[in-house]
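# Fold and contact review
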Amino acid sequence: MPEPAEPQTEIVYRHRWATRLWHWLNAFCLFFLLASGLQIFNAHPALYLGTQSNFSNSLVSMTAMRTGDGSLRGITEIGSMDFDTTGFLGASRDSSGALVARGFPAWATIPSYRDLATGRVVHFFFAWVLVAGGLAYVCVSLFNGHFRRDLIPRRGELRAMPRAIGDHLRFRFGREAHYNILQKLSYLIVILGLIPTMVATGLAMSPGMDAALPWLLDLFGGRQSARTLHFMTMSLLVLFFVVHIAMVLAAGPVNEMRAILTGRYRVRPEAKGKTS
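On a predicted model such as this, the values are computed, not experimentally measured, just so you know.

### Examining the nonpolar core
Grouped together as the largest cluster of nonpolar side chains are 27 residues, with contacts concentrated most on Phe 104, Leu 151, Ile 191 and Phe 231. At the level of secondary structure, the elements contributing two or more residues to this core comprise α1 (17–41), α2 (116–144), α3 (146–151), α6 (181–204) and α8 (223–251). Top element by residues in this core is α6. It accounts for seven residues. Non-local contacts of Phe 104, meaning those with residues more than four positions away in its chain, are made with Leu 38, Phe 41, Asn 42, Met 62, Phe 88, Leu 89, Ser 92, Thr 109 and Phe 231. Among the nonpolar cores identified, the runner-up in size contains five residues, and Leu 216, Leu 217, Phe 220 and Ala 226 belong to it.

### Focus: the sheet that holds strand β2 (residues 46–47)
Reading across the sheet, the four strands line up as β2-β3-β4-β5 and stay open at both edges, with antiparallel pairing between neighbours. Only two strands of the sheet have a single partner each, and these edge strands are β2 and β5 (81–84). Summarising the sheet, strand β4 (residues 72–78) and β5 pair through four bridges and their orientation is antiparallel. For Glu 77, the partnering residue across the bridge sits in β5 and is Asp 82.

### Some words on the packing of helix α5 (residues 161–169) against α6
With their axes 9 Å apart at the nearest point, α5 and α6 run at an angle of 95 degrees to one another. Comparing the axis directions of α5 and α6 gives the class roughly perpendicular. When α5 is examined against α6, the residues Met 161, Ala 164, Ile 165 and His 168 are found in contact with a partner set consisting of Ile 181, Leu 182 and Leu 185. In terms of residue class, the contact of α5 with α6 is built from six nonpolar, one polar and no charged.

### Concerning the environment of Gly 221
Within the secondary structure layout, Gly 221 lies in the loop between α7 (215–220) and α8. For the pair Gly 221 and Gly 50, spaced 171 residues apart in sequence, the C-alpha separation works out to 5.7 Å.

### A closer look at the pattern of salt bridges
Counted under the stated rule, the structure contains three salt bridges. For Arg 73, the salt bridge is made with Asp 84, and the minimal N-O distance between the two is 2.8 Å. Separated by 11 residues along the polypeptide, Arg 73 in strand β4 and Asp 84 in strand β5 bring together distant segments of the chain. Assessed through its relative accessible area of 30%, Arg 73 is described here as partly exposed. Put simply, Arg 149 and Asp 150 hold a salt bridge, and the shortest N to O gap is 3.3 Å. Since its relative accessible area comes to 23%, Arg 149 is described here as partly exposed. Taking the relative accessible area as the measure of exposure, Asp 150 reaches 4% and is therefore buried.

### Considering unusual backbone geometry
As a rule of thumb, non-glycine residues mostly have phi less than zero, and peptide bonds are mostly trans rather than cis. The amide bond that connects Ile 110 to the next residue, Pro 111, takes the cis arrangement and shows omega of -10 degrees. Here Pro 111 lies in the loop between β7 (99–102) and α2.

### Some points on the state of the cysteines
Applying the stated rule across the entire model yields zero disulfides. Cys 139 provides the cysteine sulfur closest to Cys 29, a residue in no disulfide bond, and the two sulfurs are 17 Å apart. Judged by its relative accessible area of 54%, Cys 139 falls in the exposed class.

Calculation criteria
- Starting afresh in each chain, residues are numbered from 1 along the sequence in its written order.
- Predicted model: local features are reported for residues with pLDDT of at least 70 only, side-chain atom pairs are reported and counted for 80 or more only, and whole-chain, interface and lining totals are derived from all residues.
- In computing side-chain values, all of the structure's heavy atoms are included and hydrogens and water are not.
- To qualify as a nonpolar core, a set must consist of buried Ala, Val, Leu, Ile, Met, Phe, Trp, Tyr and Cys residues joined through side-chain atoms within 4.5 Å.
- Each residue's exposure class comes from its accessible area (1.4 Å probe, protein chains only) as a fraction of the maximum for that residue type: buried when under 20%, exposed when over 50%, partly exposed otherwise.
- Each helix is a run of H or I in the DSSP string that is no shorter than four residues. Each strand is a run of E no shorter than two, and both are numbered from the N terminus.
- Contacts: residue pairs with any heavy atoms within 4.5 Å of one another.
- Should DSSP find at least two bridges between two strands, the strands are regarded as paired.
- To obtain each axis, a line is fitted to C-alpha atoms, and for helices this fit is confined to the stretch in contact; angles are then taken between N-to-C directions over 0 to 180 degrees.
- Any angle between 65 and 115 degrees counts as roughly perpendicular, while under 35 counts as roughly parallel, over 145 as roughly antiparallel, and the rest as oblique.
- Each residue is assigned to one class: nonpolar for Ala, Val, Leu, Ile, Met, Phe, Trp, Tyr, Cys and Pro, charged for Asp, Glu, Lys and Arg, and polar for all the others, Gly among them.
- The rule for a salt bridge is simple: a side-chain nitrogen of Lys or Arg has to be within 4 Å of a carboxyl oxygen of Asp or Glu.
- Note on disulfides: each one is a pair of cysteine sulfur atoms within 2.5 Å.

As structure tokens, then:
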């Protein structure tokens, strides 16, 4: 018997230039924001709720302690639980190989050495680049109909969401010209939820913004609560990034990378169409 023919595919234009540019600008900015943010966090590696901070009422803390034999141990506390995280959190090795007290390790921060001032400069610079790029992207997307056409879920898509979840759990990905419902919802959460929350909580932590926007501190319940929410939102963005990369690899990295670099995406002929 003859072997079944390979399903035919066709190249469509899937991502416009604004989407591609904003995608890579975000990736670039978020890398520097994460690494410089961990440098800032290391100045006081603990999270709290409310307005005051001391290690006695922390939700999460990363500390170092000496054991009976004089060795340094890294301890991460989450509520009433504590974990030995030596070598990664609380205590990690410096450039000479010695264990030193440090929240996050040197390889995860910018700069790698302790320098709060430089970390803040890098963080604030890329934060404003992210804000400017985000505002430009939203304006262009509203003008060209990208939000309405490609990101707003339709009623039929919402009804079919359980099937889409099942397909993803079984790693069954259809090569379609438009975003599926899970992509739409995740992108909207990032664009309209996580990134604005990151910006707002970042502003709330700035003493210079107290006079201009005093209501921000009340909105988040104090500077320490804003700092904790800022860290949690960053963690969710990192989780989104990890899942996003995993989906790209599972769905076909060559096709996915070509689409986000050139806009061209290989689909089934019956799925032909144009999005973003």
